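Chain by chain, the residues:
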Amino acid sequence: MNRKISLGIALGITLIMMFVSSLGAYFFIKNKYDTALEGMPEKLLRYEYFDEVAGVIEKNYYGSVSEETLRHALTQGYVDALGENAQYMTKEEYTRYKRESQGDMDGIGVACTKTSSGKIKITKVFEGSPAKNSGIKKGDIITAFDGIEVSGKNYDEMVSKLHDTLTQSVNIIYKRGKKETDVTIKKGYEAQSLTTGVYESIGYIDISEFYSETADKVSEALDTFLLSGIKGVVVDLRSNSSRNYENAVKTLDLFVPMTGEEKAAASVLDEKGSVVKSYTTAPGEINVPVCVLVSQSTAAAAELFADNIRSFSKGTVYGSTTAGDALVREAFELSDGSALLLCTGKIVPYSAESFENSGVTPDEITESTEKNDDFKEDELFLKAAASLLQ
């Protein structure tokens, strides 16, 4: 009898343990399932709403509907809702973005603005560009393209002719003072990121963009400077707003000492403030004083460069407070060849003090930071050079 009771109790205990175990497994799975479904109702409502809109259009819209056009417009609207820190690029736009990131540029190589009369005023001519080679200069006024006069009404269309790839060349009429010039310019060129020179024992390096080959070209320039016995180097970043932090740090590496992961030359922080990427430098920096020229147009990777030159006590910064843009953007290619350009973090320099919004404040602040085409006559360069020669 006792044995039977013992077996019954044992069986009951076993059943209870199985029930408890099953109950625990149930709650564990439920918790995992609930976590996986977190936010699911909102997502389902979102997709249901899209389907509803598509259904109404397909059933009632009087006209043809291009699925590709709708898809691109839907994606564009989705990304636009994220604000200025996100951008959608079509396949063609992304292809152009990748080429230009490597210095393979479309168009004739100018920046411009609209005059009060609706004409196109050239504000900058890029080095090595077709416009530069054809004789166009800053301040010239473009009055006609391919026989069509530029006006306020067609200004945007005409400006697009300076940059697009729809044609291989463009005929331009431009004015310089009272003189009018007619010229046909072939589009497309390899951008020049570097301009160098020497003035009274001071080396000058103008870096307009941080491309993959920029660090090597700067290294070659520094070697040439040192052989000529320079007493200092001026690095001009007034027109640099590059977002290529990796190439910027490779260039910075030539000027600053070695850094490690524990105290990196630059770090990328995510939204929670955690380090997701670090940029370090190697030993072997140049051993001459440096002065960096900046302006309100100096942004992102160029700000990082200027801030670190000062943080490492390698030189001073001259000019005006910079743009204050420390955001990191990364491109994500989609299945159809289009892409999303998203803000993925914030860069922090060696000093660990972010320049986001505040910018980099120069050691020597100047009222005018406008660049002269001839650096030897540039007011800010001459001021920086004089300080290095003292």
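Each chain carries its own residue numbering, running from 1 in the direction its sequence is written. Per-residue local features of the predicted model are confined to residues with pLDDT of at least 70, and side-chain atom pairs are confined, for both listing and counting, to 80 or more; whole-chain, interface and lining totals are unaffected and use all residues. Based on all heavy atoms of the structure, the side-chain values leave hydrogens and waters out of the count.

**Q** In this structure, what is going on with the overall build of the protein chain? I would like to understand it.
**A** What the protein chain contains, in helices and strands, is 10 helices and 19 strands. Think of it in three bands: residues with accessible area under 20% of the maximum for their type are buried, residues over 50% are exposed, and the middle band is partly exposed, with areas taken using a 1.4 Å probe on protein chains only. Out of the 390 residues in the protein chain, the part that is buried amounts to 37%. To measure how exposed things are, a 1.4 Å probe is used in the Shrake-Rupley method; for residues, cover is taken only from the protein chains shown. As displayed, the protein chain offers around 22600 Å² of accessible surface, 52% of which is attributable to carbon and sulfur atoms. Here a helix means four or more residues in a row that DSSP labels H or I, a strand means two or more in a row labelled E, and each is numbered from the N terminus.

**Q** Quick question: what am I supposed to make of a nonpolar patch on the surface here?
**A** In this scheme, patches are assembled from residues that exceed 30% relative accessible area and form no salt bridge. Like charges are connected within 9 Å, while nonpolar side chains (Val, Leu, Ile, Met, Phe, Trp, Tyr) are connected within 5 Å. For salt bridges, the criterion is a side-chain nitrogen of Lys or Arg within 4 Å of an Asp or Glu carboxyl oxygen. Taken together, the side chains of Tyr49, Val53, Ile57, Tyr61, Val65 and Leu70 make up a nonpolar region of the molecular surface, amounting to roughly 520 Å² of accessible area. Tallying contributions element by element places helix H2 (residues 40–60) first for the nonpolar patch, with 3 residues. Along the chain, isoleucine 57 turns up in helix H2. Take isoleucine 57: its relative accessible area is 31%, and that puts it in the partly exposed class.

**Q** Before we go on, may I ask you to explain the pattern of salt bridges in this structure?
**A** If the charged atoms of two oppositely charged side chains come close together, the side chains can form a pair. For the coordinates displayed, the defined rule picks out 17 salt bridges. Measuring nitrogen to oxygen at the nearest pair gives 3.0 Å for the salt bridge that ties arginine 238 to aspartate 378. With arginine 238 in the loop between strand S12 (232–236) and helix H8 (245–252) and aspartate 378 in the loop between strand S19 (364–365) and helix H10 (379–389), this pair connects stretches of sequence that are 140 residues apart. Each member of the pair, arginine 238 together with aspartate 378, is buried. For lysine 383, the salt bridge is made with glutamate 364, and the minimal N-O distance between the two is 3.6 Å.

**Q** Is there a simple way to think about the environment of lysine 161 in this case?
**A** Along the chain, lysine 161 turns up in helix H6 (residues 155–163). Spatially, the C-alpha atom of lysine 161 lies 9.7 Å from that of aspartate 146, the residues being 15 residues apart in sequence. It only takes one pair of heavy atoms within 4.5 Å for two residues to be counted as in contact. If sequence neighbours within four positions are ignored, lysine 161 has contacts with Phe145, Asp146 and Lys187.

**Q** Just checking my understanding: could you explain the sheet that holds S19 for this structure?
**A** Picture the strands of a sheet paired through backbone hydrogen bonds; they go either parallel or antiparallel. Read from one edge to the other, the open sheet built from 6 strands follows the order S10-S11-S12-S15-S16-S19, with strand pairing classed as mixed. If you trace the sheet from one side to the other, it starts and ends with strand S10 (194–199) and S19, each paired once. At least two bridges found by DSSP between two strands is the condition for calling them paired. Where S12 and strand S15 (residues 290–294) come together, 4 bridges link them in parallel fashion. Looking at the pairing, aspartate 236 lines up with leucine 293 of S15. Lying over the sheet, helix H7 (residues 214–227) contacts S10, strand S11 (202–207) and S12, oriented at roughly 170 degrees with respect to S11. The axes are straight lines fitted to the C-alpha atoms, using for helices just the contacting stretch, and the angles between their N-to-C directions are given from 0 to 180°. Against the sheet, H10 contacts S10, S11, S12, S15, strand S16 (315–319) and S19, and its axis sits at roughly 160 degrees relative to S15.

**Q** Looking at this structure, I do not really get unusual backbone geometry. What am I missing?
**A** Peptide bonds are mostly trans, and most non-glycine residues show a negative phi. Positive phi, close to 45 degrees, is recorded for glutamate 200, a residue that is not glycine. Relative to the assigned elements, glutamate 200 resides in the loop between S10 and S11. Here serine 313, not a glycine, exhibits a phi torsion of approximately 55 degrees, which is positive. Within the secondary structure layout, serine 313 lies in the loop between helix H9 (301–311) and S16. With a relative accessible area of 66%, serine 313 lands in the exposed category.

**Q** Would you explain H6 in this entry?
**A** Side chains three or four residues apart in an α-helix point the same way, a direct result of the helix having 3.6 residues per turn. Within H6, the full set of buried residues consists of Tyr155, Met158, Val159 and Leu162. Down the axis of H6, the buried side of the element spans an arc of 100 degrees, and every buried residue falls inside it. Buried residues in H6 make contact with strand S3 (110–114), strand S4 (120–125), strand S5 (141–145), strand S6 (148–149) and strand S7 (169–176). This arc is built from the directions going out from the helix axis to the C-beta atoms.

**Q** How should I be thinking about the nonpolar core in this particular structure?
**A** Nonpolar side chains tend toward joint burial in soluble globular proteins. Ile205, Val233, Phe255, Phe305 and Ile347 are the most contacted members of the largest nonpolar core, which totals 41 residues. Apart from residues lying up to four places away in sequence, isoleucine 347 is in contact with Tyr245, Ala266, Ser267, Val268, Tyr279, Leu304, Ala326, Val328, Ser354 and Phe355. Here, nonpolar core means buried Ala, Val, Leu, Ile, Met, Phe, Trp, Tyr and Cys residues that are tied together by side-chain atoms lying within 4.5 Å of each other. If you look at the next biggest cluster of nonpolar residues, it comprises 19 residues, including Ile136, Met158, Leu162 and Ile185.

**Q** How should the confidence of the model for the protein chain be read in this particular structure?
**A** Detailed reading of predicted coordinates is not advised where the pLDDT is low. pLDDT is a residue-level measure of predictor confidence that goes from 0 to 100. The share of residues in the protein chain with pLDDT of 70 or more is 89%, and the mean pLDDT across the chain is 88. Low pLDDT (under 50) marks residues 19–30, which in the prediction has 0 contacts with non-local residues, meaning those over four places away or in another chain.

**Q** Would you mind showing me how to read the pairing of strand S18 (residues 339–349) here?
**A** Every other side chain in a regular strand lies on the same face of the sheet, so the side chains alternate between the two faces. The pairing of strand S1 (residues 86–89) with S18 spans 4 bridges and is classified as antiparallel. Note that in S18 the partner of tyrosine 88 across the bridge is leucine 340. Taken together, the 4 bridges between strand S13 (residues 266–269) and S18 define a ladder with antiparallel strand orientation. The residue bridging alanine 266 from the neighbouring strand is proline 349, located in S18.

**Q** I keep staring at the environment of glycine 260 and nothing clicks. Help me out?
**A** Tracing the chain through its elements places glycine 260 in the loop between H8 and S13. Through-space distance from the C-alpha of glycine 260 to that of tyrosine 279 is 8.3 Å; in sequence the pair is 19 residues apart.

**Q** Just to check I follow, could you spell out the packing of aromatic side chains for this structure?
**A** The way to describe two aromatic rings as a pair is by their centre distance and the angle between their planes. By convention, a stacked pair of Phe, Tyr or Trp rings (six-membered ring in the case of Trp) has centres within 6.5 Å and planes under 30 degrees apart, an edge-to-face pair has planes over 60 apart, and any other such pair is tilted. All chains considered together, the criterion is met by 8 aromatic pairs. When the ring of phenylalanine 255 is compared with that of phenylalanine 305, the centres are 5.6 Å apart and the planes differ by 75 degrees; the resulting orientation is edge-to-face. Residue phenylalanine 255 is found in the loop between H8 and S13, and its partner phenylalanine 305 is found in helix H9; the two are separated by 50 residues along the sequence. Through pairs of rings, three or more aromatic residues link up here, namely Tyr199, Tyr204, Phe375 and Phe381. Each ring is checked for a lysine NZ or an arginine CZ that lies within 6 Å of its centre and within 35 degrees of its normal; such an atom marks a charge sitting over the ring. A cation over a ring is seen here: lysine 263 above tyrosine 350, with NZ or CZ 4.9 Å from the ring centre.

**Q** Looking at this model, I keep getting lost on the pairing of S7. Mind explaining?
**A** Two strands pair when backbone bridges link them, and S5 and S7 are joined in this way by 4 bridges, in the antiparallel orientation. Among the inter-strand pairings, alanine 144 is bridged to a residue of S7, identified as isoleucine 173. Relative to strand S8 (residues 179–186), S7 is paired through 8 bridges, and the arrangement is antiparallel. Residue pairing across strands places valine 170 opposite isoleucine 185, the latter belonging to S8. With antiparallel pairing between neighbouring strands as the criterion, S7 and S8 make up a hairpin whose turn holds 2 residues, including glycine 177 at a positive phi of roughly 70 degrees.

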